[in-house]
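Spelled out, the chains give:
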Amino acid sequence: MTLNHIVIVGAGQAGYQVGASLRQEGFTGRISLVGDEPGVPYQRPPLSKAYLLGKVAAAALRFRPPEWYEDQRIERIQASVSQIARAQRSVHLSNGTDIGYDHLVLATGARNRVPTVPGIELDGVFGMRTLADADALSPRLATVRHAVVIGAGFIGLEFAAVAAAKGVAVHVLELGTRPMARALSQPMSDVFSAAHSGWGVTLDFGQTVASITGEDGRVTGVETGDGRVLPADLVVYGIGVLPNSELAAEAGLEVRNGIAVDAQLLTSDPSISAIGDAVSFPSPLAAHPIRLESVQNAVDQARNVAARLMGKPTAFAALPWFWTDQGELKLQIAGLSEGHDHTVINGSLETKQLSVLCFRQGRLIAVESCNRPADHMAARKLLARASTLSATEAAQAGFELKAYEAASREVASSA
Ligand SMILES: Cc1cc2nc3c(=O)[nH]c(=O)nc-3n(C[C@H](O)[C@H](O)[C@H](O)COP(=O)(O)OP(=O)(O)OC[C@H]3O[C@@H](n4cnc5c(N)ncnc54)[C@H](O)[C@@H]3O)c2cc1C
């Protein structure tokens with residue numbers, strides 16, 4: 001069918017990118033980008049890093065200035081999509097209008113999981129997902145003395161590093177036994193535990209939260225599962241996200257840990273694609289469908305869908321990569337380390353310039369690089385072409401990932 005009108009639901013990283021990529025691919029039809037957040041689409045990563053530190057202004061977070069959308073004829077509509085009428089190929093907006101589509105792209109992202117504890121509604125308790133969240137939280141950092149962070153994941157620890165740098169006493173409560181455990185190897189978790197301790201952050205593992213305490217509607221502390229009350233004039237939680245898949249589910253699309261898509265990022269309806277944090281997709285790197293929460297995933301999936309809609313279909317197989325900045329540490333991860341059974345450390349734990357190479361059944365599956373950007377770039381190239389590097393080779397004295405990648409590329413191209 002001829003595509004005259006593509007409607008995108010969600011104007012975040014993936015939604016913006018699919019609009020931009022459609023124009024780059026030469027799509028000349030109508031594009032409507034419907035998003036429920038106010039303002040011009042913006043990047044989230046700096047919210048818990050440079051923006052919170054006051055190093056970046058709000059305007060610099062925008063992917064593009066407002067005029068760009070006009071130039072590109074990408075119609076921005078600020079509204080929530082409340083229903084998809086698949087039989088009519090139209091979406092219903094919260095402002096009462098209906099928009100017809102030839103193809104619909106769902107890029108609805110995810111929302112924070114909110115801890116179900118008494119006191120969560122108190123003033124001074126924050127999640128961190130939107131510019132509005134960061135704008136509400138940021139001014140408090142100048143005056144608070146004690147912050148409690150619930151969850152030692154990426155966002156909680158990014159916030160902890162910023163707050164500690166601003167002189168706030170930070171106490172992190174984490175149910176698990178180490179930081180960022182869902183995504184990192186033990187050695188790299190250890191690097192970040194040591195770094196946070198060095199910045200004065202207290203990391204408290206194996207802990208639950210019983211309640212958040214308050215006075216006159218304002219937070220005053222956090223009561224832990226083991227009965228302590230920690231002082232807090234600010235509480236930030238980061239205990240993971242839930243995919244925004246209800247709209248898809250209500251429209252009868254398949255949903256399993258996110259909107260289910262096939263290898264080409266199509267939902268169970270051939271007129272509807274889905275991309276980004278909201279999506280569970282088959283990956284050549286995993287035995288079961290996965291859902292990733294990263295800029296790379298949102299951008300690469302958006303590009304893949306734009307190319308398919310312009311007649312260039314490919315199975316989505318981009319190598320996942322991710323980064324986090326905490327204090328002076330920049331961690332970059334290439335690949336997925338889930339299920340690794342062996343690690344090799346390359347570099348120095350003391351100077352915190354190192355890469356952890358993660359192997360599963362003898363095969364390199366991920367590389368975590370801390371303050372070693374050259375390793376990260378080499379790892380991305382190496383993993384993208386299914387590396388044959390063995391753990392024994394990687395453990396040899398003087399092994400350099402960048403040199404190995406260059407040499408193995410030469411061998412591959414001359415074979
Ligand atoms: C604080 C923070 C720091 C991060 N740091 C990093 C990082 O360092 N590196 C990294 O790789 N990733 C990072 N991420 C993750 C990254 O930002 C996300 O993976 C990425 O934004 C996902 O893009 P998306 O378009 O799928 O979702 P989003 O960017 O969340 O966009 C989805 C949009 O859809 C809107 N929406 C939902 N439902 C509807 C509806 N029914 N109608 C209209 N609009 C709707 C939402 O309000 C939202 O605006 C960070 C995320 C956060 C929150």
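Higher on the page you've got the structure.
Quick caveat: nothing in here was measured; it's all calculated off a predicted structure.

Focus on the site of the ligand
Part 1 of the reasoning: Around the ligand sit 36 residues in total, of which Gly 10, Gly 12, Ala 14, Gly 109 and Gly 276 are the nearest.
Part 2 of the reasoning: Residue-level mapping places the shell around the ligand at the junction of two domains, with at least three residues from each of domain 1 (5–111 + 242–309) and domain 2 (114–239).

Some details on the sheet that holds strand β11 (residues 169–174)
Part 1 of the reasoning: Reading across the sheet, the 5 strands line up as β9-β16-β10-β11-β12 and stay open at both edges, with parallel pairing between neighbours. Strands at the two margins of the open sheet, each flanked by one partner only, are β9 (125–126) and β12 (202–205).
Part 2 of the reasoning: As paired elements, strand β10 (residues 146–150) and β11 share 5 bridges and run parallel to each other. Paired with His 146 across the bridge in β11 is Ala 169.
Part 3 of the reasoning: Running at roughly 165° to β11, helix α4 (residues 154–165) makes contact with β10, β11 and β16 (234–237) of the sheet.

A short note on helix α8 (residues 373–384)
The periodicity of an α-helix, 3.6 residues per turn, causes residues three or four positions apart to be oriented the same way.
Part 1 of the reasoning: The end-to-end C-alpha distance of α8, which contains 12 residues, comes to 17 Å, matching closely the 16 Å that a straight helix rising 1.5 Å per residue would cover.
Part 2 of the reasoning: When we look at burial in α8, the residues that qualify are Asp 375, His 376, Ala 378, Ala 379, Leu 382 and Leu 383. The arc enclosing the buried residues of α8, seen along the axis, measures out at 165°, which places them on a common side.
Part 3 of the reasoning: Buried residues in α8 make contact with β22 (329–335), β24 (353–360), β25 (363–370) and α10 (401–414).

Some points on the environment of Ala 306
Part 1 of the reasoning: In this structure, Ala 306 sits in helix α7 (residues 295–309).
Part 2 of the reasoning: If we ignore the near neighbours within four places in the chain, the residues touching Ala 306 are Val 18, Ser 21, Leu 22 and Glu 25.

Cut-off values and rules
- Residues numbered from 1 in each chain as written.
- Predicted model: local features only at pLDDT ≥ 70, side-chain atom pairs only at ≥ 80, totals over all residues.
- Near = placed C-beta within 6 Å.
- Domains from an automatic or database assignment.
- Pairing = 2+ DSSP bridges.
- Helix = DSSP H or I, 4+ residues; strand = E, 2+ residues; numbered from the N terminus.
- Contact = placed C-beta atoms within 7 Å.
- Axes fitted to C-alpha atoms, helices over the stretch in contact; angles between N-to-C directions.
- Expected span 1.5 Å × (residues − 1).
- Buried ≥ 20, exposed ≤ 12 C-beta atoms within 10 Å, placed from the backbone.
- Arc of directions from axis to C-beta.

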